[in-house]
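Chain by chain, the residues:
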Amino acid sequence: MNSGSCNGCDIELVASLSPRYDAEQLGVRLEGSPRHADILCITGPVTNNAVNAIKTVYDQVLGPKAVVAIGSCPASTNVFIESRTLAGPLSKHIPVDVFVPGCPPRPDAIIQGVAKAAAILAERGSKTAITELSIATVTEEVQP
Amino acid sequence: MNLTTALARLLIFPGLLFAVPAAWFILWMERKAVALMQGRIGPPFMQPFFDFIKLLGKSTPPRPGIGGLLMRAWPLIAVSSAAGAVGLLPVLPTSGGFEGDLILLLALLELPSMCIIAAGFSSGSIFGEIGSAREAVLSVAYNIVFLLAIVSIAASQHTFRLDALAALPASPLRWLGVLALLVCLPAKLHLNPFSLPNAEQEIYSGPMVEYAGPELAMWELSHGLEWVAATGLVATLIAPHIALWWLAALVFVALSFFIVLMLSALASATARLAIDTTVRFYWQCTLIFAVLAVSSALFMRLRS
């Protein structure tokens, strides 16, 4: 999801799905609907206008879920720091699990970040599985 | 065929025990084949199974009222009808008792598509409604050809019974009908030239947009079972009649997987067509051949 990014990170995100990097070899798939997603990737320094949209989309992703902040902007608002149009950094609004720094980060760094988020997600899923007595094999699901 | 063999067909082969792993395998095979043809490595072998288990473990949004109840019901109806269609396939040359005919198989194959249309409209999402409208138009477009192909096959062989069709040697007219069926399969399975009802980029997978967790898992499963049923139908129509049951099963499986590979190759080689182009393709280009097949089948029948 783009929260006011310059589109640099978004292009790298697309590149990580391309034949050269192929994130699908880890079983990762790009989903359009937040209802289908497990890992939410957010780029951009979080502008004032984007805050509500981010919260809505975050709520639409159903648990267990993980958030990856891609690029330096969501982590620290980068060069836009102290701008009056920004409400960043991202961690003020929603819990972030993995930060992938860089301006923009390389596609392999993005894939590594998503894989780390998947590991966190697997841990979280197994915890809920134990408490709710649902499927115990849920840990296997996101293993690369 | 008594009750136990009927149950065995529904539950073991070619029913659920075979069809559910086959569905996952076909879903993986399609993704892997598309990835390989794009020069990528593609998903790991067990990925559709992992996805299914993962989706079962996720939570679903609250769905109050009758609308919510309906939304929960559609994927279940779709899965059960697709599983029933797979169970009807006359793979093994045993006979007696209940045997479905082509008409029942067609109805069961059509039900998941109806459920998709209803699901999109009951989700209330604008993307879901667009997807459902497209699915409805698409199903009107390809079903004419699909039904005509089935009618021509049945007329050329003088029977609607599936086991009789599987047992009879194929006539040239039947090959024409099978060809028309193959043309309809990409639209029926929402594959790439005709994938507009579930277009990921434009309408966020259309009717499925509001589904999550176990409900989405059921949709995935019903899609996989549709794959098994549709490719299995073509496989049983073109497979030669073999008395040995294990060889018949083996030929059936090999033919189904071959059809899956061909369809995946088509999907990765083509781009998504617009709805008017799709409808024109089925109504103008393909319908002629289907009508030709039916009329020649009826003509041959009148002469004989």
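Residues numbered from 1 in each chain as written. Chains lettered and ligands numbered in written order. Predicted model: local features only at pLDDT ≥ 70, side-chain atom pairs only at ≥ 80, totals over all residues. Heavy atoms only, no water.

## Quick notes on the overall build of chain A
- A tally of helices and strands in chain A yields four helices and three strands.
- Element order for chain A, N to C, with α for helix and β for strand: α-β-α-β-α-β-α.
- The long-range fraction of contacts in chain A, counting pairs at least 24 apart against all pairs at least 6 apart in sequence, stands at 75%.
- With the model as given, the accessible surface of chain A reaches about 7,100 Å², and the carbon-plus-sulfur share is 57%. (Helix = DSSP H or I, 4+ residues; strand = E, 2+ residues; numbered from the N terminus. Contact = heavy atoms within 4.5 Å. Areas by Shrake-Rupley, 256 points an atom, 1.4 Å probe, with all protein chains shown as cover.)

## Considerations on a nonpolar patch on the surface
Residues and elements named next belong to chain B.
- Taken together, the side chains of L3, L7, L10, L11, I12, L16 and L17 make up a nonpolar region of the molecular surface, amounting to roughly 650 Å² of accessible area.
- Counting residues per element, the ones that place at least two in the nonpolar patch are α1 (3-11) and α2 (16-37).
- With four residues, α1 is the single largest residue contributor to the nonpolar patch.
- Turning to its location among the elements, L3 is positioned in helix α1. (Patch = residues over 30% accessible without salt bridge, like charges linked within 9 Å, V, L, I, M, F, W, Y side chains within 5 Å. Salt bridge = Lys/Arg side-chain N within 4 Å of Asp/Glu carboxyl O.)

## Looking at the packing of helix α5 (residues 102-123) of chain B against helix α10 (residues 213-238) of chain B
Residue and element names in this part refer to chain B.
- Two numbers describe how α5 lies on α10: the axes approach to 11 Å, and their chain directions differ by 150 degrees. Our classification of the angle between α5 and α10 gives roughly antiparallel. As for how α5 packs across α10, the hand of that crossing is left-handed. Along the contact surface, α5 presents L102, L105, L109, P112, C115, I116 and A119, while α10 presents W219, E226, A229, A230 and L233.
- When the residues that make up the contact of α5 with α10 are grouped by side-chain class, the tally is 11 nonpolar, no polar and one charged. (Axes fitted to C-alpha atoms, helices over the stretch in contact; angles between N-to-C directions. Parallel < 35°, antiparallel > 145°, perpendicular 65-115°, else oblique. Left-handed = near helix turned anticlockwise from the far one by under 90°. Nonpolar A, V, L, I, M, F, W, Y, C, P; charged D, E, K, R; others polar.)

## A look at the nonpolar core
- Residues L181(B), W219(B) and L233(B) are the most contacted members of the largest nonpolar core, which totals 76 residues.
- Counting residues per element, this core draws most heavily on α10(B), at 14 residues. (Core = buried A, V, L, I, M, F, W, Y, C linked by side-chain atoms within 4.5 Å. Buried < 20%, exposed > 50% of the residue type's maximum accessible area, 1.4 Å probe, protein only.)

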